[in-house]
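Residue strings, one per chain:
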Amino acid sequence: MITDGLTLDQVQVFLIVADQGSFSAASRSLGRAQSAITYAVQRLEEQIGTSLFDRSGYRAVLTEAGAALLPRACRIAQEVAAFRAQAHGLTEGLEPELTLVVDAMFPTTALVAALTDFRERYPTVPTRIYVESLGAAAALVADGTCTIGLLLYFAAEDPLLSLRPIARVRMVAVAAPQHPLALMPGPIPTDDLQAHVQLVLTDRSGRTGSRDHGVLSSRTWRLGDLGAKHALLLGGLGWGGMPWHMVEADVAAGRLRIILPEEWQGNDGGVPLQICVAHRTDRSVGPAGRWLIERLMATQDETIAEKEQANGDQAGRGERSAAHPRHHKRRDPQHHIELEHHADHA
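Procedures and definitions
Residues numbered from 1 in each chain as written. Predicted model: local features only at pLDDT ≥ 70, side-chain atom pairs only at ≥ 80, totals over all residues. Heavy atoms only, no water. Helix = DSSP H or I, 4+ residues; strand = E, 2+ residues; numbered from the N terminus. Contact = heavy atoms within 4.5 Å. Salt bridge = Lys/Arg side-chain N within 4 Å of Asp/Glu carboxyl O. Buried < 20%, exposed > 50% of the residue type's maximum accessible area, 1.4 Å probe, protein only. Axes fitted to C-alpha atoms, helices over the stretch in contact; angles between N-to-C directions. Parallel < 35°, antiparallel > 145°, perpendicular 65-115°, else oblique. Left-handed = near helix turned anticlockwise from the far one by under 90°. Nonpolar A, V, L, I, M, F, W, Y, C, P; charged D, E, K, R; others polar. Core = buried A, V, L, I, M, F, W, Y, C linked by side-chain atoms within 4.5 Å. Polar contact = N/O pair within 3.5 Å; in protein donor to acceptor, adjacent residues only side chain to side chain. Phe/Tyr/Trp six-rings, centres within 6.5 Å; stacked < 30°, edge-to-face > 60°. Pairing = 2+ DSSP bridges. pLDDT = per-residue confidence, 0-100.

Enquirer: For this particular structure, what's the right way to read the overall build of the protein chain?
Expert: Each helix and strand counted, the protein chain has twelve helices and 13 strands in total. Long-range pairs, those at least 24 residues apart, make up 73% of the contacts in the protein chain with a sequence separation of at least 6.

Shown next, in the form of structure tokens:
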């Protein structure tokens, strides 16, 4: 069997005839003579060595072989269309690939919403997404592995990087309901916290050194993965800080309880962390990347801020109704600025 003469036109004519149900209808649809349609299908059948249509009736009916080959022919046509679209995009300056690293603290729902719109706007730009924490996320932008990063500000400070604030994530201290700290009413003194293991998210990249962010206990277990930290908190192996959006359902279901360290009294018991969008200062971002940045900048600040405020109010009301009333001190905003120069995160 010789297939050297198989052409894209033959495959497309095959698809049109199968869709229209007859050679005459395909002729009208393509604006070509019926003889040309018939010839294209015949040539294709000769190339593959089998009949694609049963022509004995009024309508052209797919043979068993034709029905089997139809999905593959559809994929060929789709791939060729995608090839052409991507080639056109490249000539217009679109990136051949968009690489993005996201800090594990960033809300997944917000990321999915932005990427859904991105896929619709730039369907030909493949995307490679990494999820890392703290300095490990910033390192992927600094070393050029990723074009764009959604990073924690305090872990991303680097002269190589351009940083733009995009959202704040509210960190809350939590413990399992059976944990001794979960049973303590009111703001918890640091002396009491130091008697219990604090689970700390550590910077496995080493970029931020050995400095700690919000670590109050002298007894720590350090983990390089936020999901593992979450699991250990649920298991009652310690207390620690988590983004509110990741533990909201656990608090509502009673699997975790919010605790209030005295040192975390700046924001109704929580600490706001600034997330920024970052890219290297010496490398330009292509049109698809710029669009994604603007999409995130335009919507996430407002959306996340509103959600965090609503959730914070709800969490505060629920916690105060479950324990004794608590008085929250308002700390100087500079306190949070100082915290953001620490590395490992509580």
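Enquirer: Would you explain the pattern of salt bridges in this entry?
Expert: Opposite charge on two side chains lets them pair, provided their charged atoms get close. Taken as a whole and judged by the stated rule, the model has eight salt bridges. In this structure, D117 engages R295 in a salt bridge whose closest nitrogen and oxygen atoms are separated by 2.8 Å. Taken as a pair, D117 in helix α5 (residues 108-121) and R295 in helix α11 (residues 287-322) lie far apart in primary sequence, 178 residues in all. Since its relative accessible area comes to 29%, D117 is described here as partly exposed. With a relative accessible area of 15%, R295 lands in the buried category. A salt bridge links R255 to D250, with the nearest nitrogen and oxygen atoms 2.8 Å apart. For D250, a relative accessible area of 6% corresponds to the buried category.

Enquirer: What should I look at first to understand the packing of helix α2 (residues 23-30) against helix α3 (residues 34-48) in this one?
Expert: How two helices sit against one another is set out by the angle between their axes and by the gap between those axes. Direction vectors running N to C along α2 and α3 enclose 110°, while the axes themselves pass 8 Å from each other. Looking at the two axes, α2 sits roughly perpendicular to α3. In terms of crossing hand, the pair formed by α2 and α3 is right-handed. Here α2 contributes F23, S24, A26, S27 and L30 to the contact with α3, which in turn contributes Q34, I37, T38 and V41. Counted by class, the contact of α2 with α3 contains five nonpolar, four polar and no charged residues.

Enquirer: What exactly am I supposed to notice about unusual backbone geometry here?
Expert: Backbone geometry places L134, a non-glycine residue, at a positive phi of 55°. Within the secondary structure, L134 is located in helix α6 (residues 134-142). A residue is classified by how much of its surface remains accessible, and L134, at 2% relative accessible area, is buried.

Enquirer: What's the story with the nonpolar core in this structure? I'm lost.
Expert: Most often, soluble globular proteins keep nonpolar side chains buried together rather than apart. Formed by 58 residues in total, the largest nonpolar core has its most connected members in L100, L150, L152, V174, W239, I259 and L292. Here this core takes eight residues from strand β6 (residues 161-175), the largest share from any one element. If sequence neighbours within four positions are ignored, L150 has contacts with L100, V101, V102, D103, F106, L111, I166, I275, C276, V277 and L296. F14, A40, L44 and L52 belong to the second-largest nonpolar core, a separate cluster that totals 15 residues.

Enquirer: What should I look at first to understand the side chain of R295 in this one?
Expert: For R295, the side chain forms a polar contact with the main-chain oxygen of A113, separated by 3.3 Å. Looking at R295, its side chain comes within polar contact range of the side chain of D117, at 2.8 Å.

Enquirer: Just to check I follow, could you spell out the packing of aromatic side chains for this structure?
Expert: Each pair of aromatic rings is reported with the distance of its centres and the angle of its planes. Inspection of every chain in the model, using the stated rule, returns five aromatic pairs. Geometrically, the ring pair formed by F14 and F53 is edge-to-face, given 5.6 Å between the ring centres and 70° between the ring planes. Of the two residues, F14 is situated in helix α1 (residues 8-20) and F53 in strand β1 (residues 53-54); the sequence distance between them amounts to 39 residues. Assigned by exposure class, F14 and F53 land together as buried. Here Y122 and W291 contribute two aromatic rings whose centre-to-centre distance is 6.0 Å and whose plane-to-plane angle is 75°, an arrangement assigned as edge-to-face. A residue pair is termed long-range when its members are at least 10 positions apart, and Y122 in the loop between α5 and β4 (127-132) and W291 in helix α11 qualify at 169 residues. A relative accessible area of 12% means that Y122 is categorised as buried. Since its relative accessible area comes to 21%, W291 is described here as partly exposed. What links up through ring pairs into an aromatic cluster is the set F14, F23 and F53.

Enquirer: Looking at this structure, I do not really get the pairing of strand β10 (residues 240-243). What am I missing?
Expert: Walk down a regular strand and you will see the side chains alternate between the two sheet faces. Going residue by residue along β10, you find G240 and M242 tucked away on one face and G241 and P243 tucked away on the opposite face as well. Direction of pairing for β6 relative to β10: antiparallel, over a ladder of four bridges. Bridging from a neighbouring strand, V172 pairs with M242 of β10.

Enquirer: Teacher, can you tell me more about the environment of M246 here?
Expert: Along the chain, M246 falls in helix α10 (residues 244-253). Among residues more than four places away in sequence, those in contact with M246 are A104, L226 and H230.

Enquirer: Explain the confidence of the model for the protein chain to me, please; I cannot follow it from the model alone.
Expert: Atom-level detail of predicted coordinates should not be read off regions where pLDDT is low. Mean pLDDT for the protein chain: 82, with 80% of residues reaching 70 or above. Here residues 301-305 scores under 50 on pLDDT; set against residues more than four positions off or in separate chains, the count is nine contacts. Scored below 50 in pLDDT, residues 317-342 shows 49 contacts in the model against residues more than four places distant or in partner chains.

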